[in-house]
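Below, each chain spelled out in residue letters.
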Amino acid sequence: MTDFSEYKGIWVFCEQRGGELMPTDFELVSEARRLANEMDCKVTGVLLGEGVEETAGLLGGYGADEVMVCEDPLLKVYTTDAYTKVLCDLVDEYKPAVLLMGATNIGRDLGPRCAARLHTGLTADATHLDVDTREYMEFLRKSSTLDVDGMNLDMEDRNLKMTRPAFGGHMMATIICPRFRPQMSTVRPGVMKKAEFDQAKADACVILKPSFSITPDDIHVEVLSVEKAAKKMVDLIGANVVVSVGRGISKNVEEGIALAEKLADAMHGVVGASRAVVDAGWISSDHQVGQTGKTVHPKVYVALGISGAIQHVAGMQDSELIIAVNKNASAPIFGVADYGIVGDLFKVVPDLLKAIEAERAAR
Ligand code: FAD
């Protein structure tokens, strides 16, 4: 049986590519800070790579008390073998109570491998985390139809409560890991809110250089080269405005996408899409918003010809302002929209563009 008293603190595996920290790192460190305040413990970032020490302090600005930096030429580019070995050795030695990582391609590869090696559980793709039972009850009150007060939850329970969509997004499941440590979760990019950067905290962040060992014999693959996709990926998560298209563009796909691009340009935003549009091959998958796409919370989200299926709504419902255009007045998307326009998007969008142009000219 694991002796839980030995396990302390929250670790965030911080991903870097080409020496650059990923936006998920800042989101996760911010969330870890919130949880650490509930658990009264430290937040430790873990950064593997080569020539990455300089950027480590940035993590302090979002809430890390310390960052463990492990530098080696064999860690410059991600490999499952090398990263699993170094991370698991560190966990075995320093024993964190919680280990979080982004549900990115790398996190989804590394997380399960580490969980198996450490003989602990892993919640994949979490969208909400809590330690304090009262906080968790507040979350349930806001986001579920459960009779929270009748649930007889254990107020003293200090396990990490990791919530994720289940059964195609029709249910939310909260998972705990009561018998093993560390409690591990991958967390969906874009879900956790990034804290305001604090330079004083960044300056105070302690950089640790733990000893570790990695040799070529530990690695069973050789990375010959890293090829960047030639095409620029759309930055849905960082955008202030997202104009998304759905199957409603089907009568003229080219024109529908062109209209969305024009509207996105006029509003200084980017184009998103429902999965129906991605599955039909009309737009690339990096545009997909929703449960199996990206979670966005822009200032303005425009849904053009999107019905508002629960799996789509899961990825955009926290947008500050939602505008929906749909020719069906009873489409579910109007249930989450702040402004709804019932009409044919091929007529409505040109009118919106004219209105924006007229407004700009008048100013
Ligand atoms: P539809 O549901 O077909 O809706 C099209 C809408 O366009 C209709 O409401 C119609 O009234 C309207 N319309 C038609 N013509 C016009 C017009 N000319 N002008 C205006 N309106 C018009 N979906 C996602 O989006 N993201 C996900 O990440 C995702 N993940 C999923 C994961 C799982 C496990 C499963 C099972 C499903 C997932 N889905 C996801 C699919 C989701 O259930 C829906 O099938 C999908 O979102 C529907 O896309 P849509 O709204 O574009 O199409």
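In this report, the structure presented in the accompanying data block is examined. From a predicted model like this one, the values you see are computed outputs, not experimental measurements. (Residues numbered from 1 in each chain as written. Predicted model: local features only at pLDDT ≥ 70, side-chain atom pairs only at ≥ 80, totals over all residues.)

## Comments concerning the site of the ligand
Rules: Only the C-beta atom matters for this test: placed from the backbone, it must lie within 6 Å of a molecule or strand for the residue to be near it. By the criteria applied, helices consist of DSSP H or I runs no shorter than four residues and strands consist of E runs no shorter than two, each listed in order from the N terminus.
Close contacts around the ligand come from 28 residues, with G246, G248, R275, G290 and S307 the closest. Secondary structure elements with two or more residues in the shell around the ligand: helix 8 (275-279), helix 9 (310-313), strand 16 (321-326) and helix 10 (345-362).

## Overview of the nonpolar core
This is how the line gets drawn: By definition, a nonpolar core groups buried Ala, Val, Leu, Ile, Met, Phe, Trp, Tyr and Cys residues that connect through C-beta atoms lying within 7 Å of each other. Exposed residues have 12 or fewer other C-beta atoms within 10 Å of their own C-beta, buried residues have 20 or more, and partly exposed residues fall in between, where C-beta atoms are placed from the backbone. A residue pair is marked as a contact if its C-beta atoms, positioned from the backbone, fall within 7 Å.
The biggest cluster of nonpolar side chains holds 55 residues, and the ones touching the most others in it are I10, V12 and V46. Excluding residues that lie within four positions of it along the chain, V12 makes contacts with D25, L28, V29, A32, V43, G45, V46 and L100.

## Re helix 7 (residues 253-266)
An α-helix turns once per 3.6 residues; consequently, residues spaced three or four apart project the same way. The line we're drawing: For a helix, the expected span equals 1.5 Å multiplied by the number of residues minus one. An arc is given here, and it is the one of the directions from the helix axis to the C-beta atoms.
With 14 residues, helix 7 should reach 20 Å at 1.5 Å per residue; the first-to-last C-alpha distance of 20 Å fits that figure. The set of residues buried in helix 7 consists of G256, L259, A260, L263 and A264. Projected down its long axis, helix 7 carries its buried residues within an arc of 135°, all on one side. Where helix 7 is buried, its residues contact strand 13 (241-245), strand 14 (270-273), strand 15 (300-304) and helix 10. Backbone geometry just after helix 7 places H268 at a positive phi near 55°.

## Thoughts on the sheet that holds strand 13
Definition in use: Any two strands with at least two DSSP bridges between them are considered paired. Axis definition: a line fitted to C-alpha atoms, over the contacting stretch in the case of helices. Angles run 0 to 180 degrees between N-to-C directions.
Reading across the sheet, the five strands line up as 14-13-15-16-17 and stay open at both edges, with parallel pairing between neighbours. The open sheet has two edge strands with one neighbour each: strand 14 and strand 17 (339-342). Between one strand axis and the next, the sheet turns through 20° on average, direction left out of account. Sheet topology note: the strand 13/strand 15 ladder contains five bridges and is parallel.

## Description of the sheet that holds strand 12 (residues 206-208)
Spatial strand order, 7-11-6-1-4-5-12: seven strands in an open sheet with parallel pairing. Two strands in the sheet have a free side with no partner beyond their single neighbour: strand 7 (122-126) and strand 12. Taken over all neighbouring pairs, the strand axes of this sheet differ in orientation by 25° on average, direction set aside. Examined bridge by bridge, strand 7 and strand 11 (residues 183-187) share three bridges and lie parallel to one another. Bridge pairing in strand 11 places L122 opposite M184. Most of the contacts of helix 3 (residues 80-94) go to strand 4 (residues 43-49), to which it runs at about 150°, and overall it touches strand 1 (10-14), strand 4, strand 5 (66-71) and strand 6 (98-102).

## Side note on the packing of helix 7 against helix 10
In plain terms, the rule: Geometric relationships in this document are graded by angle, where less than 35 degrees denotes roughly parallel, more than 145 denotes roughly antiparallel, 65 to 115 denotes roughly perpendicular, and other angles denote oblique. By definition, any crossing whose near helix is turned counterclockwise from its far helix by less than a right angle is left-handed, and any crossing with a clockwise turn is right-handed.
Two numbers describe how helix 7 lies on helix 10: the axes approach to 10 Å, and their chain directions differ by 25°. One element, helix 7, and the other, helix 10, form an angle in the roughly parallel class. The two elements helix 7 and helix 10 cross, and the hand of that crossing is left-handed. Residues E255, G256, L259, K262, L263 and A266 of helix 7 form the contact with helix 10, whose own contacting residues are L345, F346, V349, L352, L353 and I356.

## Quick notes on the environment of G107
Mapped onto the secondary structure, G107 falls in helix 4 (residues 105-118). The contacts of G107, once residues within four sequence positions are left out, are E15, M101, G102 and T186.

## Concerning the pairing of strand 11
Along strand 11, five of the five residues are buried, which leaves the element largely enclosed by surrounding structure. Alternating residues of strand 11 divide into Q183, S185 and V187 and M184 and T186, and every residue in both groups is buried. Sheet topology places strand 6 next to strand 11; five bridges connect them, and they run parallel. Pairing of M101 across the sheet is with T186, part of strand 11.

## Focus: unusual backbone geometry
Here the amide bond leading from R181 into P182 is cis, since omega sits at 0°, within 30 degrees of zero. As for its placement among the helices and strands, P182 is situated in the loop between strand 10 (171-175) and strand 11. Residue D40 is not a glycine yet carries a positive backbone phi of 55°. Looking at D40, the number of C-beta atoms within 10 Å reads 7, which means it is exposed. A positive phi is found at D125, a non-glycine position, where the angle reads about 65°. With respect to the helices and strands, D125 occurs in strand 7. The class for D125 is partly exposed, based on 19 C-beta atoms found within 10 Å.

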